Amino acid sequence: MPLLLAIVIWGVALGLAIPFFTRTWWLPQAISGHARTVDEQFMLTLYGTGLVFVLAQGALGYLVWKYGRRRTEAAVYSHGNNTMEALWTAATGILFIGLAIAGERVWARVYYLGTPEGAIPIELTGQQFAWNVRYPGPDGKFGALDIRQINDSGGNPVGIDSKDPAGKDDITVPTMAVPVHRPVVLILRTKDVTHSFFVPELRLKQDTVPGLEIRIHFTADRTGTFEIACAELCGLGHYKMRSFLEVLEPPEYEKWLRERARQ
Amino acid sequence: MAEMAHSHAAVHVHAAPTGFIRKYIFSLDHKVIGIQYYLLSLVAVFIGMVLSLLMRWHLVWPSAKIPLLGSLFPEGAAGGVMTPELYLSLMTMHGTIMVFFVLTTAPQSGFGNYVLPIQIGAADMAFPTLNMLSFWVTFVGFLVLLAAFFVTGGAPLSGWTGYPPLSALPEAGPGQGTGQTLWIVSLAIFSAASLLGALNFITTILDLRARGMSLLRMPLTCWTWFVTAILGLLAFGVLLAAGALLLMDRVAGTSFFVPGGLVVSDKIIDHSGGSPLLWQHLFWFFGHPEVYIAILPGMGVVSQVLSTFSRKPIFGYKAMVFAVISIGVLGFGVWGHHMFVSGMSPYSAIAFSVLTMAIGVPSAIKTFNWLGTLLGGKIRFTSPMLFAIGFVSLFVTGGLSGIFLGQPAIDLFFQDTYFVVAHFHMIMGVASIFGIFAGTYYWFPKMFGRMMSEPLGKLHFWFTFIGVYSVFGPMHYLGLTAHPRRYSELTGVKYLAQSEPLHLFMTVAAVITVAAQLLFFFNLFWSMRKGPQAPMNPWEATTLEWTVPSPPPHDNFAGAYPVVYRGAYEYSVPGAAKDYLMQSEPDGKG
């Protein structure tokens, strides 16, 4: 029994750990500087927790085997060891708080610094069960919104106020495109319940909260097409509420905008 | 050391009841009430497991015709094929039933009620009538929750977390009508019952300890029931308040959680001024202590069992007490880690994150001390011991995934993915359950006067231990691929296709693991009737429950209240006649 139990404990631990080495199911590619710093923090955490995992499960299996085998000596009468308590408490504290402090820097870079100069503003409005992307058009101004003028089938899902001249050149489309290497500021909104904007490759996620306009910024540095998946339970269509982010070279991006402006 | 010379005459001691109704239905006896809570949680866990199997089946075979499903849910599963909305309802009910009626019920109200008074040398809880009331109110709450399945629109689909506006607006989805209202009412009833129970536990521990049973001689199980009760007292009131506000938003025209300007399915919603974030703060202010309520008693059981079957004192008793209290206190400061991407102030994320990482420290202390208890021990591999050892392995795994989630920069990626689902299932859905199994195998002889079958218990352990790693291990990898959670189907988002083999593996593992639980159910009920007679102290353990007959008489000690001379973990004391010294044995004897 002791050996079998030890082998099973080590076995499940090994089984759990192996895919972290083979990376059979792994993080998608990182397409921005921010994404790469998140990955660095992730790997740092993985090494730290991985080490603790191996030591703890290893120790558990070993102790179960060593002290489970039949032997004649009595168990050791000990109420503990204050030195060991102090040591491993300090070690754990240093590891965990250290990781926390290292991670805060990554977080601060996203949220505490202001939006970069010249960031392209794009408004993203979630609804049950679609994403609506709005560009301000050549005038660079978003038209005012009026919920009474919302018309999903009539091509005005966010309710641009027809009386506002700034809204005349706004482009409302179901997918997003951004130029590579340019900062973008997303203005996140929702029409009905809480949704969440999530692009794994950007390592960015932000809930869209009713009543709030939340800004996040990113700078994509690799071209490609990436899925936007809703990441907050929003109703029966939550699983299929998705859109696409296309990161394009600047000329393609201009072309993309022009094609949609015409519609 | 303070001696609790509380006069036993001052305790309301009631005569033994006669008649079936007073003995088994409306009983004031904490032992009967504990078993009632335990049986309630058994029914709940059975339903919860069936729901989870239905969910796992649907994820792999979404168009399958499932037998009986069409007749049970004519709206949600016409022709036996589960709709996405029914999946979400089953998921909501699975979470709600498991968290409240299993994990908050069996470890604290079940085992706590049964064992606590005996372990501290009392005849019963401080308020036996309140205790009976607490159980029956909990039972009514369970019925109200189950009723949500059968009303028009069915059970709610907003998850066990019930975020508004989805949960506040009946227009927002099927099940969001009467079903959601019943869900809120059920939780309000459950909260009220929990508050009553918490008052009972705290008073009992403070007032009814036998002479010589100082707080620092109490078994660690009593410490965890104590801190858990304090957490419950402080947290459930907040859930009750939040539920009341949500109910009012739904039926009384208020807008605590719903802002203006919303349009749902082309309909302008008549609310204004509310904040969805307010619900999240209230819910998680309760919700985080709630998960410590779910795990602390299991930790107490594990400490008890590891010490008993290593024939060694628990390693670092005072550090363990400190850790339990720290977890309780810190547990009130971390709720924002559920809300890093919610839209709350990003500056608060730092505070919540540092506290969250800090709470890993007392958890690590406990883990090291459990390992330290095994070190130098003389281990006996009984069924309770196997589950206690399994708990340690699962707690390490589940706890470590929390280190990723507690950092907001990493949580940006993992929030609302299967990585979170992996984390909380490992910790709650498995470690906590192993605590319940360990407690069952350990105290069954005392509760029913019979022994459970050891071979069946061991078989149950092997299947379950390997099974739960097989079901929940792969969820970590799904999280790495950014697989969102709460998706009814995998057909909407393209990058989920790579996960299909993992989903199939997990579903097969889940079927096998759930089937293996039949071994436990069979062992439990068969042994109640046919198990071999249990002696007073089958495990040669030191705490007070093992000094009374199996099962104990109505007032536990038959009038002969114990006096306590030592701590709860005096095993293998050098020079003693036996390798264990009972707490109530006067000095010098074995």
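Residues numbered from 1 in each chain as written. Chains lettered and ligands numbered in written order. Predicted model: local features only at pLDDT ≥ 70, side-chain atom pairs only at ≥ 80, totals over all residues.

Engineer: Run through the overall build of chain B, naming residues and quoting values.
Structural biologist: Along the backbone of chain B there are 16 helices and two strands. Relative to the globule expectation of 25 Å for 590 residues, the C-alpha radius of gyration of chain B, 24 Å, shows essentially globular dimensions. Projecting the C-alpha coordinates of chain B onto the three principal axes gives extents of approximately 80 × 50 × 50 Å. The buried share of chain B, reckoned over its 590 residues, is 63%. Sequence-distant contacts, at least 24 apart, represent 79% of the contacts inside chain B between residues at least 6 apart. (Helix = DSSP H or I, 4+ residues; strand = E, 2+ residues; numbered from the N terminus. Rg over C-alpha atoms; globule rule 2.2 N^0.38 Å. Buried ≥ 20, exposed ≤ 12 C-beta atoms within 10 Å, placed from the backbone. Contact = placed C-beta atoms within 7 Å.)

Engineer: So what's going on with the overall build of chain A? Which residues, and what values?
Structural biologist: Scanning chain A from N- to C-terminus turns up four helices and 10 strands. Ordered by position from N to C terminus, the α and β elements of chain A give α-α-α-β-β-β-β-β-β-β-β-β-β-α. Taken against the 2.2 N^0.38 rule, which gives 18 Å for 263 residues, the C-alpha radius of gyration of chain A at 26 Å runs more than 25% over that of a compact globule. Viewed in the frame of its principal axes, chain A has a C-alpha envelope of about 90 × 40 × 35 Å. Counting every position in chain A, which comprises 263 residues, the buried fraction comes to 41%.

Engineer: Outline the domain arrangement of chain A, supporting the account with residue identities and numerical values.
Structural biologist: Residues and elements named next belong to chain A. Along its sequence, chain A is organised into domain 1 (2–69 + 82–111) and domain 2 (120–262). The centre of domain 1, based on its C-alpha atoms, is set 38 Å off from the matching centre of domain 2. Contact residues are listed per partner, giving nine residues for domain 1 and 10 residues for domain 2. Counted by class, the side of domain 1 that touches domain 2 contains five nonpolar, four polar and no charged residues. (Domains from an automatic or database assignment. Nonpolar A, V, L, I, M, F, W, Y, C, P; charged D, E, K, R; others polar.)

Engineer: Which residues make up the interface of chain A and chain B, and what values do they have?
Structural biologist: Chain A puts 79 residues into the contact, and the matching count from chain B is 96 residues. Contributions of two or more residues to the side of chain A that touches chain B are made by helix H1 (2–22), helix H2 (33–66), helix H3 (82–111), strand S7 (204–208) and strand S9 (224–229) of chain A. With 14 residues, H3(A) is the largest single contributor of residues to the side of chain A that touches chain B. A per-class count over the side of chain A that touches chain B returns 48 nonpolar, 19 polar and 12 charged.

Engineer: Explain the pairing of strand S1 (residues 120–127) of chain A residue by residue, including any values.
Structural biologist: Every other side chain in a regular strand lies on the same face of the sheet, so the side chains alternate between the two faces. Residues and elements named next belong to chain A. With six of eight residues buried, S1 lies mostly within the body of the structure. Across seven bridges, the pairing between S1 and strand S5 (residues 183–190) is parallel. When the sheet's bridge partners are listed, Leu124 is paired in S5 with Leu188. The pairing of S1 with strand S2 (residues 130–135) spans five bridges and is antiparallel. When the bridges of S2 are listed, Gln127 appears paired with Ala130. What sits between the antiparallel neighbours S1 and S2 is a turn of two residues. (Pairing = 2+ DSSP bridges.)

Engineer: Report on the nonpolar core, specifying residues and quantitative values.
Structural biologist: Nonpolar side chains in soluble globular proteins generally cluster together in the buried interior. All names here are of chain B. With 255 residues, the main nonpolar core has Val302, Phe391 and Ala438 as its most contacted residues. Of the residues forming this core, the biggest block, 20 residues, is contributed by helix H14 (residues 418–448). Discounting residues that sit within four places of it in the chain, Val302 has contacts with Trp370, Ala388, Phe391, Val392, Gly435 and Ala438. (Core = buried A, V, L, I, M, F, W, Y, C linked by C-beta atoms within 7 Å.)

Engineer: Account for the sheet that holds strand S8 (residues 214–219) of chain A, with residues named and values stated.
Structural biologist: Residues and elements named next belong to chain A. Pairing is mixed across the open sheet formed by five strands, whose spatial order is S3-S2-S1-S5-S8. Lying at the two open borders of the sheet, with one neighbouring strand each, are strand S3 (171–173) and S8. When the angles between neighbouring strand axes are averaged without regard to direction, this sheet yields 25°. (Axes fitted to C-alpha atoms, helices over the stretch in contact; angles between N-to-C directions.)

Engineer: Explain the pairing of S7(A) to me, and be specific about the residues and the numbers.
Structural biologist: Residues and elements named next belong to chain A. The element S7 is extensively covered by neighbouring structure, given that five of its five residues are classed as buried. A two-sided burial pattern is seen for S7, the buried positions comprising Leu204, Gln206 and Thr208 on one face and Lys205 and Asp207 on the other. Hairpin connection from strand S6 (residues 195–199) to S7: four residues lie between these consecutive antiparallel strands, with Arg203 at a positive phi of about 55°.

Engineer: Explain unusual backbone geometry to me, and be specific about the residues and the numbers.
Structural biologist: Residue and element names in this part refer to chain B. The linkage connecting Pro164 with the following residue, Pro165, adopts the cis geometry, with an omega of 5°. By secondary structure assignment, the location of Pro165 is in the loop between helix H6 (128–147) and helix H7 (178–207). Of note, the bond from Ser550 into Pro551 is cis; its omega dihedral lies within 30 degrees of zero at -5°. Tracing the sequence through the fold places Pro551 in the segment after helix H16 (500–530). Backbone geometry at Arg486 places phi at a positive 60°, although glycine is not the residue there. Mapped onto the fold, Arg486 is located in the loop between helix H15 (454–480) and H16. Arg486 sits in the buried class, given 23 other C-beta atoms within 10 Å.

Engineer: So what about the sheet that holds S9(A)? Which residues, and what values?
Structural biologist: All names here are of chain A. Read across the sheet, three strands follow the order S4-S10-S9 without closing on themselves; strand pairing throughout is mixed. Every interior strand has two partners, whereas the edge strands, strand S4 (176–179) and S9, have only one. Within the sheet, the average angular offset between the axes of one strand and its neighbour, ignoring direction, is 25°. Pairing of S9 with strand S10 (residues 242–248) involves six bridges; the strand directions are antiparallel. Looking at the pairing, Gly224 lines up with Val247 of S10. Here helix H4 (residues 250–262) sits on the sheet and contacts S4 and S10; the angle it forms with S4, its principal contact strand, is near 145°.

Engineer: Explain helix H12 (residues 383–405) of chain B to me, using residue names and the numbers behind them.
Structural biologist: The terminal C-alpha atoms of H12(B), which comprises 23 residues, lie 33 Å apart, in line with the 33 Å expected from a rise of 1.5 Å per residue. Judged by how many residues are buried, H12(B) sits mostly within the fold: 23 of 23 residues are covered. (Expected span 1.5 Å × (residues − 1).)

Engineer: Quick rundown of the packing of helix H8 (residues 220–251) of chain B against helix H10 (residues 317–330) of chain B? Include the residues and the values.
Structural biologist: Residues and elements named next belong to chain B. Where H8 meets H10, the closest approach of the two axes is 10 Å, and the angle between their N-to-C directions is 15°. In terms of orientation, H8 lies roughly parallel with respect to H10. The crossing of H8 and H10 is right-handed. For the pair H8 and H10, contact is made by Leu220, Trp223, Thr224, Val227, Ile230 and Leu231 and by Met320, Val321, Val324, Ile325 and Gly328, respectively. Tallied by class, the residues present in the contact of H8 with H10 amount to nine nonpolar, two polar and no charged. (Parallel < 35°, antiparallel > 145°, perpendicular 65-115°, else oblique. Left-handed = near helix turned anticlockwise from the far one by under 90°.)

Engineer: Residue-level account of the environment of Asp139(A), with values.
Structural biologist: Residue and element names in this part refer to chain A. Counting through the fold element by element, Asp139 comes out in the loop between S2 and S3. Along the primary structure Asp139 and Gly48 are separated by 91 residues, whereas in three dimensions their C-alpha atoms are 51 Å apart. Not counting chain neighbours up to four residues away, the residues in contact with Asp139 comprise Ala166 and Asp169.

Engineer: Describe the packing of helix H9 (residues 276–310) of chain B against helix H11 (residues 346–374) of chain B, listing the residues and the values that go with them.
Structural biologist: Residues and elements named next belong to chain B. Interaxial distance between H9 and H11 falls to 9 Å at its minimum, and their mutual angle equals 15°. Here H9 is positioned roughly parallel relative to H11, judged by the angle of their axes. Relative to H11, H9 is oriented so that their crossing is left-handed. Between H9 and H11, the contacting residues are Met299, Val302, Leu306, Ser307 and Ser310 on the first element and Lys366, Trp370, Thr373 and Leu374 on the second. In terms of residue class, the contact of H9 with H11 is made up of five nonpolar, three polar and one charged.

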